[in-house]
Amino acid sequence: MPTKQLTSVDFELIPANMETRSTDVLTIFLFDSGSSTPLDKKELLEFLGDRASRIPELRWTVTTVPGGFGFPYWVDSAPFDIAEHVEDHVEISSWKGVFDYFGDIAAQIVDPYECLWRLHVVRGVRDAPGVQGEATVVILKASHALGDGHIYNAIVHDLFSSTDLPEFVPELTTPNPWWSSLKGLLGTPRQYVRAFRALPETRKYDAPDSGGGAVTFTDKRSATAIMLDLVAIREAKRMWPGVTVTAIAQTIISLSLEEYFGDKSPRSMQVMSGAPAGAEVRGQNHMGCYHVDLAMDKEDIAERLRAITTNNDDGKAGYPDAYRAVRTLQYELPAIAIRPALSSEPKLGTVASSVNRGPAVMTLGDSRIVSTASFPYVSPRSPFNHGIYSVGDVLAISVLSGTPDSGDIDVYAAVLEKNAARVLACLEERSTKATAR
């Protein structure tokens with residue numbers, strides 16, 4: 001294969017991985033053994049090693065360019081050793097313990113030049129929601145430079161499967177580092193000029209102030225997730241034209257933020273979305289974002305749900321132009337210009353990402369996927385972030401906090417549960433009335 005260089009968008013996620021902020025992708029996969037016996041450590045390593053060694057991205061590592069005058073390159077790791085990517089923690093036996101452990105590893109800073117991805121395995125969990133036998137929990141902590149939610153969705157479907165993968169995996173060509181550095185140095189002035197020309201268009205799409213209050217941001221993390229019946233949600237929303245599962249989840253989050261944080265609550269949400277149709281995409285990260293007002297001026301749940309649905313539609317309508325403008329600038333930035341910095345005045349903001357992982361077909365030996373929860377990384381600008389992820393008949397709304405101002409994360413989970421029931425009752429009320437007619 002030819003050489004493969006990181007884009008500016010992929011690369012900026014590496015220096016952004018700094019003390020008190022980890023930009024890594026964080027996902028929990030819950031597998032239920034049912035009446036079968038879960039894989040032991042040796043069997044697990046053999047299973048994952050066989051799968052991962054035939055997934056090109058999971059074989060990659062990063063090599064730098066001398067002097068930093070060009071972006072790093074993806075290269076193949078040789079030899080590939082699955083043991084370097086798996087940590088096994090048999091002593092954690094409760095669902096609550098999984099999240100306590102997850103909070104610890106979420107705050108860790110991992111050097112992507114040493115290891116781009118790691119799986120943390122927790123065994124023997126029997127109190128997880130939806131589990132009939134003994135559960136195995138797999139936590140993926142991986143560099144965001146390697147991919148966004150959609151890229152990793154494809155990767156994990158290949159990893160957690162018994163379907164055949166290609167025996168031959170083409171290897172990337174390793175570039176000449178000094179020639180790469182010289183090309184980067186010679187091209188830097190032109191890149192600066194093109195980036196400067198693209199800047200005015202980008203400023204039209206500056207992110208609005210979320211309205212959240214001042215908070216403290218630390219290197220401590222806390223996480224939780226609630227699991228909802230996706231079948232019931234889809235059935236209840238049939239009489240609500242245009243309303244999506246994502247808008248329903250955003251309404252649950254809106255009600256919960258307002259109740260939990262009061263006047264300090266953010267009034268809008270940054271929504272992560274894949275590249276619009278026809279947009280130029282390069283590298284591993286194709287995600288962009290638009291902003292949705294959370295309609296906290298609407299006290300009635302039905303009115304808030306409709307408003308958030310409309311706000312989503314409006315945000316998506318303006319998203320293609322914003323994406324193209326922002327990417328035009330980002331793709332022109334030279335390597336030496338990328339120096340991410342932390343905000344000096346943290347404020348309570350929130351981000352939500354959502355991915356439907358489709359039918360519950362992922363497997364770990366004879367164990368089958370029950371649910372999955374993913375957690376967008378937190379930063380001073382958005383220290384309380386949500387994930388809206390589904391697989392099979394289960395929808396998970398997750399939250400990752402990087403601020404002690406959020407208090408006990410389990411109390412917030414209870415607020416999410418309560419408001420999920422309120423929103424579902426609102427949806428069902430119209431469906432019931434329509435059926436009665």
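Residues numbered from 1 in each chain as written. Predicted model: local features only at pLDDT ≥ 70, side-chain atom pairs only at ≥ 80, totals over all residues. Heavy atoms only, no water.

Caption draft 1: Focus on the overall build of the protein. Within the protein, the regular secondary structure consists of 10 helices and 15 strands. Along the three orthogonal principal directions, the C-alpha set of the protein runs to about 70 × 55 × 40 Å. Going through the 437 residues of the protein one by one, you find that 54% of them count as buried. Accessible surface for the protein amounts to roughly 19200 Å². Of this, 52% is attributable to carbon and sulfur atoms. Measuring between centres, the 42 positive side-chain charges of the protein sit 6 Å from its 55 negative side-chain charges. (Helix = DSSP H or I, 4+ residues; strand = E, 2+ residues; numbered from the N terminus. Buried < 20%, exposed > 50% of the residue type's maximum accessible area, 1.4 Å probe, protein only. Areas by Shrake-Rupley, 256 points an atom, 1.4 Å probe, with all protein chains shown as cover. Lys, Arg positive; Asp, Glu negative; His and termini not counted. Charge placed at Lys NZ, Arg CZ, Asp CG, Glu CD.)

Caption draft 2: Representation of a nonpolar patch on the surface within the structure. A cluster of nonpolar side chains, namely W179, L182, L185 and L186, defines an oily patch on the protein surface of about 400 Å² accessible area. Relative to the elements of secondary structure, L186 occurs in helix α6 (residues 177–202). (Patch = residues over 30% accessible without salt bridge, like charges linked within 9 Å, V, L, I, M, F, W, Y side chains within 5 Å. Salt bridge = Lys/Arg side-chain N within 4 Å of Asp/Glu carboxyl O.)

Caption draft 3: Representation of the pairing of strand β11 (residues 351–356). Relative to β11, strand β9 (residues 268–273) runs parallel, the two sharing 2 bridges. Counted as the bridge partner of Q270 is V351 from β11. Where β11 and strand β14 (residues 384–391) come together, 5 bridges link them in parallel fashion. From the neighbouring strand, N356 faces β14, where its bridge partner is S390. (Pairing = 2+ DSSP bridges.)

Caption draft 4: Structural detail: the side chain of T27. Among the secondary structure elements, T27 is positioned in strand β2 (residues 25–32). For T27, the side chain forms a polar contact with the side chain of S374, separated by 2.9 Å. (Polar contact = N/O pair within 3.5 Å; in protein donor to acceptor, adjacent residues only side chain to side chain.)

Caption draft 5: Empty space enclosed by the protein, seen in detail. Across all of its chains, the model carries 1 cavity of 30 Å³ or more by this definition. Computed from the structure, the largest cavity encloses a volume of approximately 60 Å³. Its residues assigned to classes, the lining of the largest cavity shows 6 nonpolar, 1 polar and 3 charged. (1 Å grid on protein atoms, 1.4 Å probe; cavity = no way out; pocket = protein on both sides within 12 Å on 5 of 7 lines; lining within 4 Å. Points joined across faces, edges and corners; volume = space filled by probe spheres on them. Nonpolar A, V, L, I, M, F, W, Y, C, P; charged D, E, K, R; others polar.)

Caption draft 6: Quick look at the packing of α6 against helix α9 (residues 301–332). Across the interface, α6 lies against α9 with an axial gap of 8 Å and an inter-helix angle of 160 degrees. On the basis of the axis angle, α6 is roughly antiparallel to α9. In the packing of α6 onto α9, the handedness of the crossing is left-handed. Across from Q191, R194, A195, A198, L199, E201 and T202 in α6, the residues of α9 making contact are A325, V326, T328, L329 and E332. Looking at the contact of α6 with α9 residue by residue, the classes come out as 6 nonpolar, 3 polar and 3 charged. (Axes fitted to C-alpha atoms, helices over the stretch in contact; angles between N-to-C directions. Parallel < 35°, antiparallel > 145°, perpendicular 65-115°, else oblique. Left-handed = near helix turned anticlockwise from the far one by under 90°. Contact = heavy atoms within 4.5 Å.)

Caption draft 7: Broad picture of the packing of aromatic side chains. One pass over the structure, following the stated rule, counts 12 aromatic pairs. Through successive ring pairs, a cluster of aromatic residues spans Y260, F261, F384 and Y412. (Phe/Tyr/Trp six-rings, centres within 6.5 Å; stacked < 30°, edge-to-face > 60°.)

Caption draft 8: Structural view of the nonpolar core. Of all hydrophobic cores here, the largest spans 46 residues; its most connected members are L228, I248, I252, I253, L257, F384 and I397. Look past the residues within four positions of I253 in its chain and what remains in contact with it is M269, H386, I388, I397, Y412 and L416. Core analysis: the next-biggest nonpolar cluster, separate from the first, contains 43 residues, L48, W117, V121 and A145 among them. (Core = buried A, V, L, I, M, F, W, Y, C linked by side-chain atoms within 4.5 Å.)

Caption draft 9: Helix α8 (residues 245–261), seen in detail. Helix length check: α8, at 17 residues, gives a terminal C-alpha distance of 24 Å against a target of 24 Å (1.5 Å per residue), a fit within 8%. Of all the 17 residues making up α8, 13 are buried; the element is thus mostly covered by neighbouring parts of the structure. The positive-phi residue at the C-terminal boundary of α8 is G262, with phi of around 60 degrees. (Expected span 1.5 Å × (residues − 1).)

Caption draft 10: Fine view of the environment of L348. Looking at the secondary structure, you find L348 in the loop between α9 and β11. Judged by its relative accessible area of 1%, L348 falls in the buried class. C-alpha of L348 to C-alpha of K264: the two residues are 84 residues apart in sequence and 7.2 Å apart in space. Setting aside its immediate chain neighbours within four residues, L348 contacts S210, G212, G213, V215, F261, K264, S265, P266, P383 and F384.

Caption draft 11: The sheet that holds strand β8 (residues 222–229), seen in detail. What the 6 strands build is an open sheet, ordered β8-β15-β14-β11-β9-β10; its pairing is mixed. Only two strands of the sheet have a single neighbouring strand rather than two, namely β8 and β10 (288–293). Taken over all neighbouring pairs, the strand axes of this sheet differ in orientation by 20 degrees on average, direction set aside. Sitting on the sheet, helix α4 (residues 95–106) is in contact with β8 and β15 (394–401), with an inclination near 135 degrees to β8.

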